[in-house]
Amino acid sequence: MTLAVALALTLAPSARADRPRHGDQPALSRALLAGAWCLLAMPAPAQAVDAPVAATDGVASAATSEALAPRQSDRFYFQTSLYTAHFHPDDEHNNSQKLVYAEWRLPQRWLEGQVLVGGSYFDNSFNQSSQFVFAGLLWRPAESMQELYLKLAAGVVHGYKGQYQDKIPFNGSGYAPAIVPAVGYCYQRVCSELVLFGTAGAMLTLGVTLP
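Not measured: the values here are computed from a predicted model.

A closer look at the overall build of the protein
Here's step 1: Secondary structure assignment for the protein yields three helices and eight strands.
Here's step 2: Secondary structure elements of the protein occur, N-terminal to C-terminal, as α-α-α-β-β-β-β-β-β-β-β.
Here's step 3: For the protein, long-range pairs separated by at least 24 residues make up 52% of all intrachain contacts whose partners lie at least 6 apart in sequence.
Here's step 4: Roughly 14,000 Å² of accessible area belongs to the protein as shown, and the carbon and sulfur atoms make up 65% of that amount.

The following block contains the structure:
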């Protein structure tokens, strides 16, 4: 029995007492006071608790922001070659490119892709030291999977000389245009790319991004 109910029973007139007469103001006052006390002591209606939902949404937003943070702050990318496969193998082919690659990802965008510039130094398929200077675009096709990206680089390659000068098209001067597509995937800041070099072959790389 609550304190309010006990007080109400104490203040209310006895059930055996006669009904209050018209002039019995003290008894009537005690009854009204007991009723008011009971109403004040009643618990407030329960309200829906939205805090856990808001907290859950906050945790999800924080997790999403944390997952996107490395992608949004990527500015520089460095990588090297791991493995090369030629589509039409030849005894003269070199499968160890010793790639040294640097890329700068700019904040500007074009054709819905992030603009990038860079350069690389490598041994070509015929063991000749070569260089590639380029500009390109990077796209992230899946909003829910920012780790996956597509890249297209276009520039000038140099280094195919002598008897191998004609192994790439438009290389009459020793400098030739080149377009190099790639698909990449990152875990945190460690990335790997599958790079296609024309119809000659493909190369697997490993690299790291820096803010």
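There's more to say after this.
Let's talk about the sheet that holds strand E4 (residues 129-139)
Here's step 1: Read around the barrel, eight strands follow the order E1-E2-E3-E4-E5-E6-E7-E8 and close on themselves; strand pairing throughout is antiparallel. For this sheet, the mean inter-axis angle between neighbouring strands, taken without regard to orientation, is 30 degrees.
Here's step 2: Sheet topology note: the E4/strand E5 (residues 148-158) ladder contains nine bridges and is antiparallel. Across the sheet, the residue bridging to Phe134 is Gly155, located in E5.

Observations regarding the environment of Phe78
Here's step 1: When you line up the elements, Phe78 lands in strand E1 (residues 76-86).
Here's step 2: Along the primary structure Phe78 and Glu103 are separated by 25 residues, whereas in three dimensions their C-alpha atoms are 6.4 Å apart.
Here's step 3: Ignoring anything within four residues of it in the chain, the contact list for Phe78 reads Tyr101, Ala102, Leu206, Gly207, Val208 and Leu210.

Points about the state of the cysteines
Here's step 1: Applying the stated criterion to the full structure yields one disulfide.
Here's step 2: The side chain of Cys186 participates in a disulfide bridge whose partner is Cys191; the two sulfur atoms lie 2.0 Å from each other. Judged by the sign of its S-S torsion, about 100 degrees, the cystine formed by Cys186 and Cys191 is right-handed.
Here's step 3: Assessed through its relative accessible area of 1%, Cys186 is described here as buried.
Here's step 4: Accessibility expressed as a relative area gives 1% for Cys191, which makes it buried.

Quick word on the packing of aromatic side chains
Here's step 1: Summed over all chains, the structure comprises five aromatic pairs.
Here's step 2: An angle of 25 degrees between the planes, with centres 5.5 Å apart, marks the rings of Tyr101 and Phe134 as stacked. Of this pair, Tyr101 sits in strand E2 (residues 100-110) while Phe134 sits in strand E4, and the two are 33 residues apart along the sequence.
Here's step 3: Taking relative accessible area as the criterion, Tyr101 reaches 10% and is therefore assigned buried.
Here's step 4: The rings of Tyr77, Tyr101, Phe132 and Phe134 are connected pair by pair, giving a single aromatic cluster.

So, the nonpolar core
Here's step 1: If you look at the biggest cluster of nonpolar residues, it comprises 23 residues, and the most contacted ones within it are Phe132, Phe134, Tyr149 and Val157.
Here's step 2: Of all the secondary structure elements, the ones that give two or more residues to this core are strand E3 (113-123), E4, E5, strand E6 (175-187) and strand E7 (190-197).
Here's step 3: Excluding its chain neighbours within four sequence positions, the residues that come into contact with Phe134 are Tyr101, Ala102, Leu116, Val117, Gly118, Gly119, Ser120, Ala153, Ala154 and Gly155.

Some thoughts on the side chain of Lys151
Here's step 1: Locating Lys151 in the fold gives a position in strand E5.
Here's step 2: Among the polar contacts made by the side chain of Lys151, one reaches the side chain of Glu103 at a distance of 2.7 Å.
Here's step 3: A distance of 2.6 Å separates polar atoms of two side chains, one belonging to Lys151 and the other to Glu193.
Here's step 4: Not counting residues within four places of it along the chain, the set of residues in contact with Lys151 comprises Tyr77, Tyr101, Glu103, Leu116, Leu137, Leu138, Val180, Pro181, Ala182 and Glu193.

Quick notes on the side chain of Gln128
Here's step 1: Position of Gln128 relative to the elements: it lies in the loop between E3 and E4.
Here's step 2: Setting aside chain neighbours within four positions, we find Gln128 in contact with Phe122, Asp123, Gly159, Tyr160, Lys161 and Tyr164.

Looking at a nonpolar patch on the surface
Here's step 1: Together, Leu82, Tyr83, Leu150, Val183, Val190, Leu194, Leu204 and Leu206 make up an exposed nonpolar region whose accessible area comes to about 690 Å².
Here's step 2: Secondary-structure elements contributing two or more residues to the nonpolar patch are E1, E7 and strand E8 (201-210).
Here's step 3: Positionally, Leu206 belongs in strand E8.
Here's step 4: Here Leu206 falls in the partly exposed class, since its relative accessible area comes to 40%.

Each value, and the rule that gives it
Residues numbered from 1 in each chain as written. Predicted model: local features only at pLDDT ≥ 70, side-chain atom pairs only at ≥ 80, totals over all residues. Heavy atoms only, no water. Helix = DSSP H or I, 4+ residues; strand = E, 2+ residues; numbered from the N terminus. Contact = heavy atoms within 4.5 Å. Areas by Shrake-Rupley, 256 points an atom, 1.4 Å probe, with all protein chains shown as cover. Pairing = 2+ DSSP bridges. Axes fitted to C-alpha atoms, helices over the stretch in contact; angles between N-to-C directions. Disulfide = S-S within 2.5 Å. Buried < 20%, exposed > 50% of the residue type's maximum accessible area, 1.4 Å probe, protein only. Phe/Tyr/Trp six-rings, centres within 6.5 Å; stacked < 30°, edge-to-face > 60°. Core = buried A, V, L, I, M, F, W, Y, C linked by side-chain atoms within 4.5 Å. Polar contact = N/O pair within 3.5 Å; in protein donor to acceptor, adjacent residues only side chain to side chain. Patch = residues over 30% accessible without salt bridge, like charges linked within 9 Å, V, L, I, M, F, W, Y side chains within 5 Å. Salt bridge = Lys/Arg side-chain N within 4 Å of Asp/Glu carboxyl O.

So yeah, pure geometry; function would need other evidence.
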